[in-house]
Structure formats: structure tokens, C-alpha cells
Protein chains: 2
Amino acid sequence: MSTTIAASFQGVPLSQLFPEQKEGWRGYIEWENEPKRKEIAARILKTKKFTPSPEFQLEPLPKTNPVLIGHRWKEYHAALGLQRIVDISWQTVLKEKPDMIHLLDFPYNGETPRKPLMQGKLTDNKLHFVRNHGGIPDIDEDKYELEIGGLVNKHCRISLKDLKDPAKFPQITMTVTLQCSGTRRIEQIQEYPGEGDELIQAPWGEGAIGTAVYRGVSLKKVLKIASGGIQPEAKHIEFIAADTYFKKGQVFNYAVSVPYRKVRQADEVLLAWEMNGEPLPKIHGFPLRAVITGVIGARSAKWITRINALAEPSLAPVQSQEYIYYTPQIGKQNVQYSTGFSIQNMPVSSAIIFPQDKELIVHDGAIELTGWSYSGGGNWVERVEVSPDGGHIWYAVKPEDLTEKHYHAWRLWKIRVPVDAEGWIEFCVRAWDSSCNTEPTFVRSAWNWDLHVTSSAHRIKLYSVNKTKPATAARLAQFAARGESIAPLTRPSEASLEDMTAFVEAMRKYPREPRTEN
Amino acid sequence: MSTTIAASFQGVPLSQLFPEQKEGWRGYIEWENEPKRKEIAARILKTKKFTPSPEFQLEPLPKTNPVLIGHRWKEYHAALGLQRIVDISWQTVLKEKPDMIHLLDFPYNGETPRKPLMQGKLTDNKLHFVRNHGGIPDIDEDKYELEIGGLVNKHCRISLKDLKDPAKFPQITMTVTLQCSGTRRIEQIQEYPGEGDELIQAPWGEGAIGTAVYRGVSLKKVLKIASGGIQPEAKHIEFIAADTYFKKGQVFNYAVSVPYRKVRQADEVLLAWEMNGEPLPKIHGFPLRAVITGVIGARSAKWITRINALAEPSLAPVQSQEYIYYTPQIGKQNVQYSTGFSIQNMPVSSAIIFPQDKELIVHDGAIELTGWSYSGGGNWVERVEVSPDGGHIWYAVKPEDLTEKHYHAWRLWKIRVPVDAEGWIEFCVRAWDSSCNTEPTFVRSAWNWDLHVTSSAHRIKLYSVNKTKPATAARLAQFAARGESIAPLTRPSEASLEDMTAFVEAMRKYPREPRTEN
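- Under an unreviewed UniProt entry, the name given to chain A is Oxidoreductase molybdopterin-binding domain-containing protein, and the source organism is Postia placenta MAD-698-R-SB12.
- As its UniProt record puts it under Cofactor (unreviewed entry), chain A is described as follows: "Mo-molybdopterin".

Set out below in C-alpha cells:
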């Protein structure tokens, strides 16, 4: 659908209605402090028709890359004269993340391909997953400043230069796994369709998770040193970001909050400028982002403009209306924001990365599997178990086959599981964390309308070909002699499956019908 | 792939190598009595490359009609100069079966659409399913004759005129359900891919079953009257048909057999010329076919040329190498024809036809479902039960809501099931037959490499919207007021899902976090 873009509103050119807020902050429009702008934007959006979000739950996913195209959100931006944000964002993707699975081109959602996901404990910055909610701002480091307000003892502004000065703020580094609550959503979609949000609930696989070492300052220390601490009634800390967000015809800056109780842990909420020893990539929040350990990735706001201390959680839509965990009987017919609970800490979960679903595996009586495991909320994974029979028998990963423990990071694992049976077998994995939590057994057990937190035992189907079995060894030898491969599974063999003399002999020994007695 | 067709073989034109056998039998090439022809055909086929069968198990099914195109089998025919068989077949389909789901265009496989499937106890001839294994011959009734040979007391030929003469052979009519053992195969494919036969194992839904009243003569009587009965060592009766069949580079006439013990039941094996009071359609075997009650449809051979009494089951490929039921751990790596058992009698099975999978149902506390149920081998369905919770609670269909009993036909059913819960719910159906057999609970329970006999409880997912619930009634009223529909489920609502004042009130009453005590 093409929308005609009005060049002006009541005689004022669009470019003057919604100007960039600050010099050196390209792509940053201030909305939250500008109610008049929000009102005009809503009026403009109301006059337009937008392309519906793509249907990919009741239809198979396209095999393209980008997989899905965010026409609707591009049109929202274009309608407000903000097409440049769309363009800059995609250029940034191509520069910083060329080798991703581009799940959604705008707002950019990119998934780590499977091989680099398992490359080691830390994920390469170029391949770490990205789940953005708006365009990517392009901010000059030396023009950056952070504003602190709300229920703090002193409102203030801090330049990045000051924030990075170790004489002013002590620096820390932390190994942190960030995870989108949409990780493995595709499994819920394959079971049942759910919320088709206008900002697409992306059909993530197992790659919406990644780990990096972040350098920055503790937010607790910043609030204390720069603002003299918070006021007694402050219970939540809100982050307001530079990116533009849309919800049901209204425009916002991206904003979320975390409980102050979390911030009070000096090493759990960072303001970070460095990722794996390099400056933050633009797509990851350059020059400054929040990193909230153990919590859904959506709280780790990027391109922060302001931090506010609040008495109650933020009422911004992402905090109040998104990332809510509903009971399975709530859905389009009755869902309200207050009827679910808010997703903060991430539960224990895991995934099998290799082999992949529906692979044909020729083996000698055992199959090797590798994957990740993670638990949020300050828990770490204690044990990983793999089942070769859909969840009855479980083999534990040996301690030496798990990467080291961190308070806030995943553990990669590998295991060699004995497999006798041939044909289709169902593997699944589950992790146990330091609070003795483990995972629901089936996707259905925790399916929810918004398709969040797919933490059930991850299942894959493998076609097992055990070459230690004589009949199988003989068949493989026949294939080899003809220069034929057993794969793909569905390709019929060119040759007869049995010598007809042997067949007749077998049929005489074990006839198809009982012998007639009369 | 285009194959260059040699116009001749060793100087003999193709048309003379493989001539039609009899005047008035268009499309009938005799192979079984012509070993030299078979050998030449195999040599020609060996020199060609053929298009692989379409991949539809590891890929989604196309949404076209015809769904799948039988390039490979068309090319087999073309390579032997038999393109006219392909052409005549498709013309016959368009004339006799224009409104089918054309699952495979050649050899023709057509499925009954869902509405006519449930129209009543008898299926309309124009809409009865068809599963052919070769082209459709076009035979003149007055040129038709049936040959009887093998271990009978007298070899003979009978004209159709004689066969239809009630003074010579007593006529009977029977209400018979015929079912392809591939019925509901799509459920097995969705679970796991399996055999990708060169003659496609078609991805049937619930419509490869149909019921008709056939008129003809009992085969038992024909063998007795025309051939003086069978010899003592004869235990199987073979049917050889006019259509051409291919298997791994060899050419055949379609042929199958049934145990004589079955034929001995005078009303269970018919030679039929009439279907629902009309002459057999060409596509269903005109002028004469076998109708074998209670047994997989493949045994009810069409366009019969010869009947042979044998001491052992037919060694023809369809009998010896196809329609075999394997244990789940047998597959491409080790399958042999003798390692499974031969599918003859059909087990008890059933299907939900309306509503269909993934429908959104707005209801007032109960959902009506309709479907079919059937058992073969002379059993009839005694009871049908529907579960609204995936197979824990079962509601029985009332006797008055089942169509009447027949020894060899299905029973259609309907039921209204109480449904309180909203959201995705899983319905399933199972039948119990007159031998107290019922169905396996899950597809996986009976999955097999050749993807036959999907007799597990048929499952559908429905999205339940119970308008007797106040929150749902309120949401439906909001949709109605805006002229919006609740369907499609994945389309996001245009309006906010909750008034923000009410939301804040709820959040103050039941806050997101525990109240701080210190």
C-alpha cells in the first residue's frame, strides 16, 4: 500500500513539526517532553491507511533474507516525514551486521546464525542478536549527555566524557547474557498462532540470545554520585531512549523501567559504553545503553536520553502494555494489560543448536549434541540434561562439557548420547538452575497469547541411521556402490529394496495369512 | 526436465513396439503376457533421466489445484510413446471430476471437498475420491470381456453382456465405503517425512474415503458358474488391470490379489458395473471393477482384464512391494518388503470434518462438530467419542446422531460438545468398532515409513471464543461498535486493549512487585 505523504500540516512543513532535538543526535525526535508534537503526530497518523503487518503465523515463513519486511512501521515514519530514520537504520544494519539472519528489516530484528552462536562463551559484536523497537539514531559521542530526573535528590546532566572518567565514576565490567523474551517464539507459533502486534512479534528461533563483556558504570553509583541518591518514595527507575516508538496510532520515545531494588545491586544495572572491548556498535546503543542483568533484554534500553526515578513502574507502552505474560486462556477475545504479569527476570531455559531439527544423522551408536543454557534473575545453570526419547530418559552433561559459571551469563554445553534406535527420534533438552528451577516439558505447557518466554524443553526430531546395525550397513553399502547418498531422506532409492527371491523365501517362511487348516 | 523421445527402437517405431492390445480398449497395453515388451521398455527407460518427484514433505504443500504435478510419470509414459494415455486421463478428469481437490494430476489422485463429503451417507459419483495408479483406459462396453485363469477348473472368457445377464449370474447390490490407506496421510507427514515414492504417496487429508451402492455379481458365484470353481491349492485371487504401472525402471499392468477366504464370502467381493444407480464412471473403472468390502481401496482393481486363482499372493509390485505397514524404526536405511505386513482389512478410524483445523469459533458454551467414522474387515462402528481437551474427557455421540449401520460402510456423526474454556483447545475424535477396537491416541503412535493407515484419533485445534463470558462479550461489543471483526485472529486490534485509568487502578490494587517493607 502506498501512502501519500502530505508535505505539511496546517502550513508548517513536516520537517519543522518534528525536528531533531539536539545537534549531533541524528534520528532523535523528542516526543515525551513535547505533548503538542505527539498530538499532531496522532492526528496525521489517523488520516492514513497503513499496510497490515505480514501474516506469517497462519502461513509459512518466507525463505528470504530479510525474512519479513516492516512496511507498516516504515510507513508510520514516512507519514511523519521521518523516512531518513528508516534509511539510516538499514545502512547501519548493512555496515554493522551484514551476516545476520535479518528477521525483520525495520525496526531491525536480527538473529545470530547457528554456527557463530556456538563459537564460544562470548558472542561476536557483529553477530550478537538485535531486537530494536524503532530506528537506529546516529549520535556524536562528544555531543552526548545523560539527563537524570524524577524523584532524585538533584536533577542533573552528565556528559559522556565525565561518565567515562574513572576519577568521577568507578568502572566495572560484567559478562552478561541478554535474551529477548521472544527467543524460540517460532515453537509457540508452530503450535498455535497468537498476537500479531503491529510491531511484529518476530518469529525468533534459538538465536535471540547472546553474551558479551560490557564495560561501564554502576547505575547505583551514578545516581548516588551525580544526583545525591534517590528520594524515599522512589521505587522504580525509568529509562527514556532516543528511538521513536508507535502504538495504536500514538507516537512515543522508547521507555521502560526496572525496580530500584534491582538497581540497588551495584553490579546488576550498568550504563555501558563498551562491548567486548570495543565501543558499543550504533545498533547496540552507541554511545550509551543500559545493561540490566538477568532480565528480559527489552529493559536494557539503548541510546538513553534520560533516567527518571519514579514511585511506580513506567506507564510507557513498552512497560505497561508489552512483555506481559498471560495465562493460556487469555487472548484476543478478552486480553487486557492488567490481566497478565510483567516479564522482568528470565526463567531457566536451554536449546539444542546442533544437530538441527529434521536432520538425518548417520552414526555409530551415539549422537553428539551442542547448545546453550541460561537462567536469569541472578541464577546460573547447575545442570543440563538431554533426552533421546522425548522426555523420559535424561542424560546429564558432564561438568567438563559446560562452559564456566557466571552469575549473569549462559553456559554452552555438549554431550554424546547413546542412540540404538533408528528412524525418527525426538531429542529434548532441559536445564536446572541454582534455585532448582527446571523447564516445562512441552511448548503447550507455557503457550501464551503474546508468544513470550518459550522456556519449555527444546525439542528436535532427528532421523537416526545407526550404521552398527547389519541391515543398515548393508543398505549404506548398496547406496555407496551405486554412488547414491541416503540423503535427502524423501528421495526414493533407484534400486529394488529387496531381492525378489529372498522376498519369496521370507514369505514362504512367514506367510501373509495363517495357513488354512481345512 | 525435458526428455528427448526416441521415435523408434532398433528401427521399430514406438507405436508398433507397444500397441494397444484390443480393439475398443484405448489406453490398454498388455505387459504381463508380453515379457519381450517389458524388457524393451525397461531398456528404453534406463537410457533416460526423469524429473524427480516433487518435494512436499520437507517443504509446504503448494496452494494450487492441481496441488502436485506428476511430471515423472508423465515422462515415463512419453518415453514409451504413450503420451496419449496421459492426455486422455486428464480429459476424463475434467469431464467426470471437475470439482475435486486434484491432489495429483497424473496418475490422477483426487480428494472429495469437505462439504460434499458430509452431504449424506452416499457420496456423489462426481465427488467420490479417486486414487489411480496409472492412466485411465477408455474401453468400449461391447468390446469388453473378462478372462479367468490360473488354478480354476476351467479357463474362460466372459463378455460384459453375459455377466450382466441375471439369468446367468445373480446380481447383488452393496453399500460400500472405500478408503485409501493414505487417508489422513498429511498428519503423518506433518509429524515426520517418510517414503517419497516415485509414484507419489499423495498428501491426503480426511477426504480419501467415500461410500456408494455398487451393483454387480459376486466373484464367488462367477468363479463357480463360469469356471467350475477353483482348484484345492488355490488360496488367492489375483486381479490384473488394463492400466500401466511403473516401478524402479520396470513396466507392469496394475495387479493385486486378495485371499480366497475373503472371496468365499459371497457378499464381500463384487465385480461391479454400477455405482449409485449409474454406470461406473470411466475414472472409477468402467466398464467393470472389483469392489472388495472392508479392505484397503487398492485391492478394488479397476478396468479388470484377467482374474487368476493363485496358490500364493500375487507377486505384482503393488501387492508385494506396496501398501506394507512397517514398524516405526524401519525406514530408508533398512526397509525391505518382507519386513512389514501387508495392508488388507482397514482398522477403525474417524475424522472431524467441521469445524476445520485452526478455525476461530465464537459460541455460547458449546461447539458442534461433524465427521465420519469407519471400520473395515466386516466390523462396523458402534460408538464415536469426541474429546474437547486433547484426549482426556470423551463425550459420546448419541445413537440418533449417527447414520445407520452397514456391514461395510461408514457412519457419519454430529455432536454438540460443552466448551467453557477460551483460547486454543484441542479436539479429537475416536471410534469404537464392533470388535471393541479403538484408535491409537496420537499420530506418532502409529507413524510408519510408507505413511499408510493414519488411524490415530484425529485432532484439530480450535480457537474458542465463549461469548457467555462477560469480558469476551464486552470485547466483542467493542469490535462490533468499530465495525471490526475478531477474525482473523492474528490481526491486531486497532484500539487500546484497556483504559489506562482502569489499568493504573488495577496496578495499584495488585502491584507488579511486592510492597517494600523497609
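After that view, the rundown keeps rolling.
**Topic: the pattern of salt bridges**
Any two side chains of opposite charge can pair if their charged atoms end up close together.
Residues and elements named next belong to chain A.
1) Next: Counting across every chain of the model gives 64 salt bridges over all chains.
2) Next: For lysine 469, the salt bridge is made with aspartate 420, and the minimal N-O distance between the two is 3.1 Å. Of the two residues, lysine 469 is situated in the loop between strand S27 (458-466) and helix H11 (470-481) and aspartate 420 in the loop between strand S25 (411-418) and strand S26 (423-433); the sequence distance between them amounts to 49 residues.
3) Next: Classification of lysine 469 as partly exposed rests on a relative accessible area of 26%.
4) Next: Put simply, Lys22, Glu145, Glu147 and Arg157 are held in one network by salt bridges that share partners.

**Re the interface of chain B and chain A**
Reports often express the size of an interface as the amount of accessible area lost when the parts come together.
1) Next: Taken residue by residue, the interface counts 76 residues in chain B and 78 residues in chain A.
2) Next: Carbon and sulfur atoms supply 53% of the area buried between chain B and chain A, which totals about 6,500 Å² over both sides.
3) Next: Considering only the surface of chain B that becomes buried against chain A, Lys332, Gln333 and Trp424 of chain B emerge as the three largest contributors, covering 13% of it.
4) Next: In this assembly, chain B and chain A are joined by 4 salt bridges.
5) Next: Ionic pairing is found between arginine 508 of chain B and glutamate 312 of chain A, a salt bridge with its closest N-O pair at 2.6 Å.
6) Next: Listing elements by their share of the side of chain B that touches chain A, those giving two or more residues are helix H7 (185-191), strand S19 (341-342), strand S26 (423-433), strand S27 (458-466), helix H11 (470-481) and helix H12 (500-509) of chain B.

**Comments concerning the relation of the copies chain B and chain A**
1) Next: Of the transformation placing chain B onto chain A, the axial shift is 0.0 Å and the rotation is 180°, giving an RMSD of 0.0 Å. Taken together, the rotation angle and the small translation identify this as a two-fold axis. Closest to the rotation axis within chain B is the C-alpha of proline 60 of chain B, separated from it by 3.7 Å.
2) Next: Interface overlap between copies is the fraction of interface residues in one copy that are interface residues in the other; for chain B against chain A it reaches 100%, indicating a shared surface.

**A look at the UniProt feature "domain: Oxidoreductase molybdopterin-binding" (unreviewed entry) in chain A**
1) Next: Using the residue numbers shown here, the UniProt feature "domain: Oxidoreductase molybdopterin-binding" (unreviewed entry) corresponds to residues 133-314 of chain A.
2) Next: Helix makes up 13% of residues 133-314 of chain A and strand 40%. Its end C-alpha atoms lie 17 Å apart.

**Here's the deal with the state of the cysteines**
All names here are of chain A.
1) Next: The final tally for this structure, using the stated rule, is 0 disulfides over all chains.
2) Next: Summary of cysteine pairing: cysteine 436 is not part of a disulfide, and the nearest cysteine sulfur, belonging to cysteine 428, is at 20 Å.
3) Next: Residue classification places cysteine 436 among the exposed residues on the basis of a relative accessible area of 63%.

**Topic: the environment of serine 387 of chain B**
Residues and elements named next belong to chain B.
1) Next: Secondary-structure assignment places serine 387 in strand S23 (residues 381-387).
2) Next: Serine 387 sits in the buried class, given a relative accessible area of 0%.
3) Next: Between the C-alpha atom of serine 387 and that of glutamine 321, which follows or precedes it by 66 residues, the distance is 37 Å.
4) Next: Within the structure, serine 387 has its side chain in polar contact with the side chain of aspartate 389 (distance 2.7 Å).
5) Next: At 2.9 Å, the side chain of serine 387 forms a polar contact with the backbone nitrogen of glycine 391.

**Some words on the sheet that holds S27 of chain B**
All names here are of chain B.
1) Next: As summarised here, the arrangement of the 5 strands in space is S21-S27-S26-S23-S24, forming an open sheet in which the pairing is mixed. In the strand order of this sheet, the two ends are held by strand S21 (360-363) and strand S24 (395-396), each with one partner.
2) Next: With 2 bridges joining them, S23 and S24 adopt antiparallel strand pairing. Across the sheet, glutamate 385 pairs through a bridge with alanine 396, a residue of S24.

**Here we look at the pairing of strand S13 (residues 250-259) of chain B**
Regular strands show a simple pattern: their side chains alternate between the two faces of the sheet.
Residue and element names in this part refer to chain B.
1) Next: When you tally the buried positions in S13, you get 9 out of 10 residues, the bulk of the element.
2) Next: In the sheet, strand S12 (residues 236-247) pairs with S13 via 9 bridges, with the strands oriented antiparallel. What sits directly across from threonine 244, in S13, is asparagine 253.

Rules used in this analysis
- Residues numbered from 1 in each chain as written.
- Chains lettered and ligands numbered in written order.
- Predicted model: local features only at pLDDT ≥ 70, side-chain atom pairs only at ≥ 80, totals over all residues.
- Heavy atoms only, no water.
- UniProt positions renumbered as here; feature names shortened; annotations may be inferred.
- Salt bridge = Lys/Arg side-chain N within 4 Å of Asp/Glu carboxyl O.
- Helix = DSSP H or I, 4+ residues; strand = E, 2+ residues; numbered from the N terminus.
- Buried < 20%, exposed > 50% of the residue type's maximum accessible area, 1.4 Å probe, protein only.
- Contact = heavy atoms within 4.5 Å.
- Buried area = accessible area lost by both parts, 1.4 Å probe.
- Least-squares fit on C-alpha atoms with pLDDT ≥ 70 in both.
- Disulfide = S-S within 2.5 Å.
- Polar contact = N/O pair within 3.5 Å; in protein donor to acceptor, adjacent residues only side chain to side chain.
- Pairing = 2+ DSSP bridges.

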